[in-house]
Structures are given as C-alpha cells and as structure tokens.
Amino acid sequence: MNEISELRKKYLNLIDSAETDSELEDVRISALGKKGEITSKMRELGSMSMEQRQVKGPIFNSLKDEINDLIKDQKDNIEESCLKLRMESEWLDLSRSPRLSDEGSLHPVSQVTEEVIAIFASMGFTVADGPQIESDYYNFDALNIPPEHPARQEFDTFYVAGDERSGSPLNVLRTHTSPVQIRHMERVKGPCKIIAPGRVFRSDYDQTHTPMFHQVEGLAIDKDISMANLKWVLEEFCRAFFEVETVELRFRSSHFPFTEPSAEVDIRCSWIDNQLKIGEGESWMEILGSGMVHPKVLEAVGLGLDKYQGFAFGVGIDRIAMLKYGIPDLRSFFDSDLRWLKHFGFSDNDFPAMHSGLSKF
Ligand code: PHE
C-alpha cells in the first residue's frame, strides 16, 4: 500500500511541476504509457490471487483514473498560462498615436489636370488622348501649317529621327495638344465636345518655359457653335477653376493657322508683393489661345464645311497651376525636389472626383 501512495505522491508532484505540453506528455508516458510505472503495477494484478486482486484492483484503477484526470486538468492550466503569457507579450496600445510615415503627395500638374477634367466634364466634355510622338502631318499639316509656313519656325520643335532603312518619316515630339483635335474629328466625323490634356514639348528654357510642359486642348463641333459659346465656356471654366465670383477675360485678336478668327485670352489679375490675385488688379496674364476651327482644318478631316463649325482652345496647365497656387517658377515643377513637392503637393483627399465635378457647378 505504501508503494502505491509513494507512486501517487511522485506523480502528483511531477504533474504539478510540468510546465509545457511536452513535459506533461513525458510524465503521462512514464506513468501510464505501455511501460509506465502504473501500467506495470496493473499488470502485476494478473499474477495475484483472486482475493488480492479484488482488493488491489480498485485501488490501482482509481489511481489510474486520478492520474488521468490530473493530467487533463494540468493540460488546461498550461494552455491558460500560455495564453496569458502571449497576451502579455503581444499587447498593443491602441491609444498611442501612429508612427508618422513618409507620405507622398500629388504633383500640382496632376491635381490641376484632374480639376480641369472635372470642370469640363460637368459641362459635358469628354476626355480624348493622342500620341506624344506625332507625325508632321498631325502636328502641322492637318492644322493648316504646311512645310514652308513661317509658324513652323515659331514652334521650337524637337524632331525625332526617322528610320532611313525602313523609310519611316521624320516624327516630332508634339509641340501642342492640337493634333488630338484632328485625330478626334477624323474618328467621329460629326458633333463632339472634348478636352485633351497631356504633355507637349518645345525647345525652350527660362523662368516661364520648360522643354516639356502640359496643355489641355478643347474642341466643340456642332452645327451652330459660335464664338459666344467659346466665351461662355471659358468664363465658366475660369470662375470654377480659380474659385472666384468674378473673372474678367480679355480676348485679344491673334493668329493661329488652325483657327479663324483667333484670339489669345488674358485674365485680369494683380501682382502685389509677389502675391498674385486673380479677378482684380491692373495686370493681365495670358492663359490660352483659342478661336473658331479653320475651314481648312475641317476640310482636312473630311467634315462637311456647310454643315459643321466649332471652337478650339489650348490652355497651359502648368501656367494656370502657377497662377492658382502661387508657384513662381515653372522650372521648379520638374526638379523633383522633395521639399518643393511637400510644399506644393496635394493629398489624395483633395483630388476632385471626375464624375462629380467641382462644387461650383
Ligand atoms: N495650339 C496652340 C498653342 O499651342 C493653342 C491653341 C489651341 C490655339 C487651339 C487655338 C486653338 O499655342
């Protein structure tokens, strides 16, 4: 009997001090495994007399059951303390302020392009696109600028060498977004209202010129579109874009080979202490070129002259970005200076949704 209570004490202790599942399993095997101490005790029952067996059998059995129960309880304890330990080591302080991450910002050109699209979208214009490497034909000829035309010299064009062997013609980096007009009219051959924002290239570099810059082209074609429509669209655009109640535009008679009549448009503004204000003051800032689509252009795209007419305009995106956000030097747009980008960049929350337009409409 002594022997049994010794065994019981031994295993009670061992079970109690087991701290992991595998330690507990070792204890179980040494007590109740095939060669375990309690198992071999049970085996001894076989060689005992009937009387002995009747006395010892229940004792051994209850020891076996007790050890099994204790192992199960200890297993639960271990599980619980493991969980507690994990919760202590893996806790998160949700009240702490988040670590500041390096956030990028939207370039003013992206921001302004989206703003322009949103405003024109709310006036029913859709967005069209065209290639940046353009043929001579689309960049010049179809726009009524034949090879000997002096306007060709006015554009400081970048030429892209053609491949002599394959006989591919000389291409240009498009000097304006106007070729998109041609491509679009050729496609739809009828009424349309589009804008075409994108990159353009001219060999020029100073405070207000960079070899690559951005324009947005506008084109509206229908049976009775007039200069009055052009004026209204541009005024509405400027009011919404510059977020001012009154804008004053000055239409200055001008010349573009692809429009007739043509007008350059200035906006009233003031420059005081290097601060630019739109809508008031004594200065005028040129922001775009425009006019009624030239009959020769309509002819080049195969639009019935007697049927259709329309207006076109080209706005400098970078220029109106400078005006709206007070950015003094165009060259800084393309320096990739992180301090500049942080200062003049936008968060994506400021991004106007194309479908909703701006609040003014
Ligand atoms: N393409 C002209 C430019 O780049 C602008 C313009 C577009 C003028 C459409 C008239 C009509 O200067």
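This text gives an overview of the structure that appears in the document.

Cut-off values and rules
- Residues numbered from 1 in each chain as written.
- Predicted model: local features only at pLDDT ≥ 70, side-chain atom pairs only at ≥ 80, totals over all residues.
- Heavy atoms only, no water.
- Helix = DSSP H or I, 4+ residues; strand = E, 2+ residues; numbered from the N terminus.
- Buried < 20%, exposed > 50% of the residue type's maximum accessible area, 1.4 Å probe, protein only.
- Contact = heavy atoms within 4.5 Å.
- Areas by Shrake-Rupley, 256 points an atom, 1.4 Å probe, with all protein chains shown as cover.
- Lys, Arg positive; Asp, Glu negative; His and termini not counted.
- Charge placed at Lys NZ, Arg CZ, Asp CG, Glu CD.
- Near = heavy atom within 4 Å.
- Polar contact = N/O pair within 3.5 Å; in protein donor to acceptor, adjacent residues only side chain to side chain.
- Core = buried A, V, L, I, M, F, W, Y, C linked by side-chain atoms within 4.5 Å.
- Axes fitted to C-alpha atoms, helices over the stretch in contact; angles between N-to-C directions.
- Parallel < 35°, antiparallel > 145°, perpendicular 65-115°, else oblique.
- Left-handed = near helix turned anticlockwise from the far one by under 90°.
- Patch = residues over 30% accessible without salt bridge, like charges linked within 9 Å, V, L, I, M, F, W, Y side chains within 5 Å.
- Salt bridge = Lys/Arg side-chain N within 4 Å of Asp/Glu carboxyl O.

Considerations on the overall build of the protein
If you tally the helices and strands in the protein, you get 12 helices and 11 strands. Viewed in the frame of its principal axes, the protein has a C-alpha envelope of about 125 × 55 × 40 Å. Burial analysis of the protein (361 residues in total) assigns 43% to the buried set. Sequence-distant contacts in the protein: of pairs separated by 6 or more residues, those separated by 24 or more amount to 65%. Surface summary for the protein: the accessible area is close to 21000 Å², and the carbon and sulfur share equals 51%. Mean positive and mean negative side-chain charge positions of the protein (41 and 60 charges, respectively) differ by 6 Å.

What about the site of the ligand?
In the vicinity of the ligand, 14 residues are found, and the nearest of them are His176, Ser178, Arg202, Gln215 and Glu217. His176 places a side-chain nitrogen or oxygen 3.0 Å from a nitrogen atom of the ligand. Note that an oxygen atom of the ligand is positioned 2.8 Å from one of the side-chain N or O atoms of Arg202. Listing elements by their share of the shell around the ligand, those giving two or more residues are strand S6 (212–222), strand S10 (283–293) and strand S11 (309–316). Per element, the largest residue contribution to the shell around the ligand is three residues, and it comes from S11.

Remarks on the side chain of Thr259
Within the element layout of this structure, Thr259 appears in strand S8 (residues 259–272). On the basis of relative accessibility, which here comes to 2%, the residue Thr259 falls in the buried class. Here the side chain of Thr259 touches Ser262 through a polar contact of 2.6 Å, side chain to side chain. Apart from residues no more than four positions distant in its own chain, Thr259 is found in contact with Ser290, Gly291, Met292, Val293 and His294.

What about unusual backbone geometry?
Here the bond from Glu260 into Pro261 is cis, since omega is -5°, no more than 30 degrees from zero. Residue placement: Pro261 occurs in strand S8. Unusually for a residue other than glycine, Asn144 sits at a positive phi of about 65°. With a phi close to 55°, Glu243 is a non-glycine residue in the positive phi region. Its place among the elements puts Glu243 in the loop between helix H9 (227–242) and strand S7 (249–256).

Considerations on the nonpolar core
Of all hydrophobic cores here, the largest spans 46 residues; its most connected members are Val116, Phe120, Phe237, Phe242, Ile267, Phe311 and Ile320. Of all the elements, H9 adds the most residues to this core, at eight residues. Those residues within four positions of Ile267 in sequence are excluded, and the remaining contacts are Cys238, Phe242, Val247, Glu248, Leu249, Ile278, Ser283, Trp284, Met285, Ile287 and Leu323. Core analysis: the next-biggest nonpolar cluster, separate from the first, contains 25 residues, Tyr138, Phe155, Ile194 and Leu219 among them.

Let's talk about the packing of helix H1 (residues 2–17) against helix H3 (residues 37–44)
Relative orientation of the contacting elements H1 and H3 amounts to 155°, with a least axis distance of 11 Å. Looking at the two axes, H1 sits roughly antiparallel to H3. When you trace H1 past H3, the crossing you get is left-handed. Of the residues in H3, those in contact with Glu3, Ile4, Leu7, Lys10 and Tyr11 of H1 are Glu37, Ile38 and Lys41.

Points about a negative patch on the surface
Negative charge collects at one region of the surface, where Asp21, Asp65, Asp69, Asp73, Asp76, Glu79 and Glu80 lie side by side. Here the element with the most residues in the negative patch is helix H4 (residues 50–89); it accounts for six residues. Tracing the backbone through its elements, the reader meets Asp21 in helix H2 (residues 21–32).

Quick word on the pattern of salt bridges
If you walk through the whole model with that rule in mind, you get 17 salt bridges. Note that Lys231 and Glu235 form a salt bridge whose closest N and O atoms lie 3.2 Å from each other. Placement of both Lys231 and Glu235 in helix H9 is noted, with a separation of four residues, approximately one turn of the helix. Lys231 gets classed as partly exposed once you look at its relative accessible area, which sits at 39%. Judged by relative accessible area, Glu235 falls into the partly exposed class, the value being 22%. Because the salt bridges share partners, they merge into one network encompassing Arg250, Arg252, Glu264 and Asp266.

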